[in-house]
Structures are given as C-alpha cells and as structure tokens.
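Analysis of the macromolecular model
Residues per chain are reported as follows:
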Amino acid sequence: ITMSALALARSRAFASKAAQFKNLRFYTGPEIEFEHLSSGWSNVEDLEEFKKSGRYALQTFNKISPQGLATYPKEEYDVEAYADANGRPAHALMLRSHKLQEEEVGTSVRCIARCGAGTNNIPVPRMTELGIPVFNTPGANANAVKELVLCGLFLGSRRVIDGINHMKDLGEQGVARERVEKDKAMFGGREIKGKTLAVIGLGHIGSATARDGASLGMKTVGYDPGLSVESALNLPKTMTLVDSISSAVANADYISLNIPYIKGTPEEGGTHGIIGQAVVRHFKPDAVILNFARGELVDSDAMKGFLDAGDGRYISDFPDDLCWDHKNAVIMPHLGASTEEAEDQAACMAAETIRQYLQNGTIRHSVNFPDTDLAVQEKDCVRVTVVNQNIPGMLSKMTEVFAGHNVNIVQQVNHSKGDIAYNVIDLDPAGADTMNLKDLQKEVTMLEGVLSSRILFSAPGVGYARNIDGKYHV
C-alpha cells in the first residue's frame, strides 16, 4: 500500500509526556511510498485493524510501574499486557522478571527492554541472531541496592535479627522487662568506623557503596578489571585499587560483591562460583560477606566451610541451599531493587530507551547492540536503519543498493558489536514529488546477512521489514 507520511502526521496531535525525548518529529517532505504488512504476515491476527491503528503497540509482562508507562503518550502508543493481547502483534516488549520465551517474541517485535540491570531471563543470544536489540536499565536501581548493602553491613556487625527474635521469645514468656538488660551481652557486635570495606566490582552500585562506606569512616579497597572512567571518577579519593579479588579481600573486615553473573566458571571466562575456596581461604576469620549481586557468584560449599570454621558472616538476598539456616548467615528475599523509587526509575528508563529506538533509531543501554546516539533527523529527511550480521563486505553491498536507487544520502552511520552491525542512513528527497522506497527496502533487506530494516519518518509502527530464512516480511 502507498501511504502519505505528511497526511498521516498532520492527522494526529502528538503530545509527549517524556521530559528527555519530545514528541514525534513532524515529517514535511514529499509523499513516501512503502509497503506495510503486505508480505509474509499471514499469521498475524486482526491485520487490518493493526494497519489502521496509527500508533506504536507496546506489550508488557509483569506489573510495570505506572509512572514508567505514563512515559508513553496515549496519542502515540497502545500499551497493554501481553496476556490481554490475544495474539495481537507488538512493536516492543517490556518486562521485569518474566522469563521470556522465543515464541512470545512475534515477528513484528523491534526491541525488548527489561526494567532492571540483569537480562538472564531473556534469550539474548537468540534475539541477537534475530536482529532484535535487548535493552536494560543500568544504574536505575543502584541507590536501592546500595542502601540494602549498607543495611547488610550493619546486620553483619551486630546480631540485630537474633536480638529481635530473642525479645519476641521473652515477650511470649512475659519476662522481657526482667531480661532485657541481662541478655544484651548475648548479642554484642562491633562498629564499622575504621574497618576495611572491600568492594568487588565498581560499577554504579559498587562505586556508590564505596563512597558511602568511606563517608561512614571506613577504609576502602576495590577491585574491578573493567573499571570505567565514569565510575573511577565517583570513587572515594582515599580508595586503594588492587589487581585481584584475593588481594582485595585479604585484609578486609567487610566484603561487598557487586559483579554481574556470567555463565561458566572463572576458568571459562564466567563468574559462576567465582567466590570459591581459592578466594575464601584469603578471608579473615571474622569477615562479613555481603552478596546482593547474584547468588550463583558464591560457591555454597566454600561459604559454609568458612562460616563453620570461624565467626564470619554471610548476608545475602539470594537463596542458598546450604547456608540458608546457618547461625552466621542472614538470607532474605531478593529485595535489592524492591522500592517504589527503583521500580519507577527502571520503568521510566526502559520506556525512554524504547521510545528513542522506535522513533529515532537511537540505541542506548543495549546488551547486544552497539550504542548509537543519533540526533533527530531533519524534518524533510527519511531515516533508514539496517541490522545485519557483522561480516566483511556488508557495508559496501548496502551502499551499492542505495546508489542503484539514485537516492541522496546525507548521513551514514555504521556501528558494530560482536556479531551485530547497525547502520543508519538519512535520505534527502531533494525536491521530488514522491519517494518510492518499496523496491529499495526489499532489495537491501534481502541481501544475504541482513536481518531487518526500518523506514523512520514520524509514521508510528510502519516501514519494518525482516529477512527470515530468506523470506521477505514487510
């Protein structure tokens, strides 16, 4: 079908509630001819209704913060739960802890965003193969997790929980007033001022933990082989950086784990069980280990052996099959990011990331696509994005296709990450009455190695094409 982008843009008043990304760009160039849901979509229900919606379709899993969902202007987005969609297609998916299955990712899905930092519940490698960017929200829950780390630090310093439970028992016996002073000696502890805090992993959470630890009068030591300049600038000036986990923990009274979970053993390049016997043997006998990162980072056998041997403590918000009822362990629910503020921030950040990608082509905070920060294109320009396998010769093949259709390229961007390359081409109609992109899009999309393409010019949800096993879906 042929659609007039100018007529479509003028027929609707787009009002945005997002502070960072304003309303859809009003296209003022000539009429654009392209195909929309005309090939390869026989499995899509309510196809005609979907064509006419004139809005982006977003589907959610889990309960998403209303504040985050309010980021999507109602004039531009239809937002509904996946469970309520009854098979209707979506342009983007948004989730929290739901374990996403490939069959839940329809052919029309352009991107996926998780309201949180970890993406273990999303089949990222498969999404990469399909050419679908996966976004996360690094730092959105950093303050919430850091505050729980500090809570754990105090819980590990004093037997507060044991004391509370003891007072409940005394209360039931009716002797609390008589025993409250006498029994306090059973729950003695130590102060944290002047003690050494080792922080393993100095990203958003780790660097914040180090700063607050230092402000409480603690000595800080840190380890992070991938320390970024941004995080380094946020570290306490007095912090000592070392070159290994073992060196960091050797003289530490408190040890905070803030590293991501990566499948595989440390020998295989992963972080599963990275806090094993080789590291635990360097702990001080009374060290307090704070794990609010991932339970799989810690080898349970090694940790139990450490707790059995001395007066060390293990504080975590992840389950542990061996240490869950140990007298020197405090295992709580996974509460790290469970605050209203963190959920609001993560949802808003995820929504903003989706909007930037769908409307402008910008990629930020993707775990499988290269960061690509784009300015909004000129009002009379059309933006084409192409996702392809990162293999030699692809850029020249695409350039040849565009040259063969006699279009004027005003900007071309090519970024890559791992197995994926992302291309952005801005086209200037140069005074033409119409701009026919149907054949161009099909030709570039069906190049071997190309996964998908999009035409962006302020008409929501249109101009998306995919190369699926050599078949054209547009």
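No experiment lies behind these values; they were computed from the predicted model shown.

**Topic: the confidence of the model for the chain**
- Averaged over every residue, the pLDDT of the chain is 88; residues scoring 70 or more account for 88%.
- Every residue in residues 1–24 scores below 50 in pLDDT, and together they form 64 contacts with partners more than four places removed in sequence or on other chains.

**Describing the sheet that holds strand E11 (residues 288–291)**
- Reading across the sheet, the 7 strands line up as E9-E8-E7-E10-E11-E12-E13 and stay open at both edges, with parallel pairing between neighbours. Pairing within the sheet leaves two strands with one partner each, and these edge strands are strand E9 (240–241) and strand E13 (329–331).
- Bridge analysis of strand E10 (residues 254–257) against E11 gives 4 bridges, and the strand direction is parallel. Its bridge partner being in E11, tyrosine 254 is matched across the sheet by valine 288.

**A short note on the pairing of strand E5 (residues 111–114)**
- Where burial is concerned, the two faces of E5 agree: the one with Cys111 and Ala113 and the one with Ile112 and Arg114 are both buried.
- Sheet topology places strand E4 (residues 92–95) next to E5; 4 bridges connect them, and they run parallel. Bridge pairing in E5 links leucine 95 to arginine 114.
- Judged from the 2 bridges that link them, E5 and strand E6 (residues 134–135) form a sheet pairing that is parallel. Across the sheet, residue isoleucine 112 finds its bridge partner in E6, namely valine 134.
- Crossover handedness for the path E5 to helix H4 (residues 124–130) to E6: right-handed.

**Here we look at the pairing of strand E18 (residues 450–456)**
- Counting buried residues along E18, 7 of its 7 residues qualify, which places the element largely inside the surrounding structure.
- Here E18 runs beside strand E19 (residues 464–468); their pairing, made up of 3 bridges, is antiparallel. Across the sheet, residue serine 452 finds its bridge partner in E19, namely arginine 466.

Conventions and cut-offs
Residues numbered from 1 in each chain as written. Predicted model: local features only at pLDDT ≥ 70, side-chain atom pairs only at ≥ 80, totals over all residues. Heavy atoms only, no water. pLDDT = per-residue confidence, 0-100. Contact = heavy atoms within 4.5 Å. Pairing = 2+ DSSP bridges. Helix = DSSP H or I, 4+ residues; strand = E, 2+ residues; numbered from the N terminus. Buried < 20%, exposed > 50% of the residue type's maximum accessible area, 1.4 Å probe, protein only. Right-handed = clockwise from strand over helix to strand, strands pointing away.

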